[in-house]
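# Coordinate inspection notes
Below are the chains, spelled out letter by letter.
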Amino acid sequence: DGTTDITRTVHWGVPTPLQKEAYTRVLMGNIDLSRLVFPPNTAGGAVESFARRALWDVGLNYGHGTGHGIGNFLSVHEWPVGFQSNNVPLTAGMFTSIEPGYYRDGEFGIRIEDVALVVEAQTE
């Protein structure tokens, strides 16, 4: 028993070059943050930019938070875990969403959201 929170983007028709570029960069941001190795007790706000970097490289961005804690039994958006400046440091055992996106008003929107578990990395 528990709670999950994932989002996928689907497209009907033929995507434009901008839509393909934006989707690819949103996916890159999701992967970059998912694979990031960081020191114990690092604040989520300190690593949040890794989810935005691929978009920033081409002048794009999104206007929402990159993620939030995932709780049990329908507490989907659980504070204080996440990537904002007022969240607690990330420690092993925490679940958080990772959800970069890109939105063009009146045209299209992209969000790729996964749930990630913070684990201790095996480093040299």
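Report follows, based on the coordinates. Computed from a predicted structure; not experimentally measured.

### Thoughts on the packing of helix H1 (residues 17-35) against helix H3 (residues 49-56)
The interhelical angle for the contact between H1 and H3, taken along N-to-C directions, is 155°, at an axis separation of 7 Å. The pairing of H1 with H3 is recorded here as roughly antiparallel in orientation. Handedness of the H1/H3 crossing: right-handed. Every residue of H3 that contacts H1 at Ala22, Arg25, Val26, Met28, Gly29, Asp32 and Leu33 is listed here: Phe50, Ala51, Arg53, Ala54 and Leu55.

### Re the pairing of strand S6 (residues 101-104)
A regular strand places its side chains on the two faces of the sheet in alternate fashion. Relative to strand S7 (residues 108-111), S6 runs antiparallel, the two sharing four bridges. Each bridged residue has a counterpart across the sheet, and for tyrosine 102 the counterpart in S7 is isoleucine 110.

### Quick notes on the nonpolar core
In terms of nonpolar packing, the biggest core is built from 19 residues, with Val26, Leu33, Val47, Leu55, Phe83, Leu90 and Tyr102 touching the most fellow members. Put simply, the parts of the chain that give this core at least two residues each are H1, H3 and S7. Take this core: its biggest share by element is three residues, from H1. When neighbours within four sequence positions are excluded, tyrosine 102 is seen to be in contact with Ala22, Val26, Leu55, Leu60, Asn61, Phe108, Gly109 and Ile110.

### Quick look at the side chain of glutamate 48
Within the fold, glutamate 48 resides in the loop between helix H2 (44-47) and H3. Within the structure, the side chain of glutamate 48 is placed 2.6 Å from the side chain of arginine 52, a separation counted as a polar contact. Those residues in contact with glutamate 48 that lie beyond four places of it in its chain are Tyr62, Thr66 and Phe83.

### What to know about the packing of aromatic side chains
Evaluation of the coordinates by the stated rule reveals one aromatic pair. Seen from their ring centres, tyrosine 102 and phenylalanine 108 are 5.9 Å apart, and the 50° between their planes marks the pair as tilted. Judged by relative accessible area, tyrosine 102 falls into the buried class, the value being 6%. Among the residues examined, phenylalanine 108 registers a relative accessible area of 15% and is labelled buried. Its guanidinium or amino end placed over the ring of tyrosine 62, arginine 52 lies 3.8 Å from that ring's centre, counting from NZ or CZ.

### Some points on unusual backbone geometry
The phi angle of most residues is negative, glycine excepted, and most peptide bonds adopt the trans form. One non-glycine residue, asparagine 41, adopts positive backbone phi at about 65°. Assignment of secondary structure puts asparagine 41 in the loop between H1 and strand S1 (42-43).

### A few points about the environment of threonine 42
Positionally, threonine 42 belongs in strand S1. With residues up to four places along the chain from it excluded, the contact list for threonine 42 reads Val47, Pro89 and Leu90. In terms of polar contacts, threonine 42 uses its side chain to reach the backbone carbonyl oxygen of proline 39, at 2.6 Å.

### A closer look at the environment of glutamate 21
With respect to the helices and strands, glutamate 21 occurs in helix H1. Under the relative-accessibility criterion, glutamate 21 is labelled partly exposed at 33%. The spatial distance from the C-alpha of glutamate 21 to the C-alpha of leucine 55 is 9.2 Å, given a sequence separation of 34 residues. Engagement of the side chain of glutamate 21 in a polar contact is seen with the side chain of arginine 25, the distance being 2.4 Å.

About the cut-offs
- Residues numbered from 1 in each chain as written.
- Predicted model: local features only at pLDDT ≥ 70, side-chain atom pairs only at ≥ 80, totals over all residues.
- Heavy atoms only, no water.
- Axes fitted to C-alpha atoms, helices over the stretch in contact; angles between N-to-C directions.
- Helix = DSSP H or I, 4+ residues; strand = E, 2+ residues; numbered from the N terminus.
- Parallel < 35°, antiparallel > 145°, perpendicular 65-115°, else oblique.
- Left-handed = near helix turned anticlockwise from the far one by under 90°.
- Contact = heavy atoms within 4.5 Å.
- Pairing = 2+ DSSP bridges.
- Core = buried A, V, L, I, M, F, W, Y, C linked by side-chain atoms within 4.5 Å.
- Buried < 20%, exposed > 50% of the residue type's maximum accessible area, 1.4 Å probe, protein only.
- Polar contact = N/O pair within 3.5 Å; in protein donor to acceptor, adjacent residues only side chain to side chain.
- Phe/Tyr/Trp six-rings, centres within 6.5 Å; stacked < 30°, edge-to-face > 60°.
- Lys NZ or Arg CZ within 6 Å of the ring centre and 35° of its normal.

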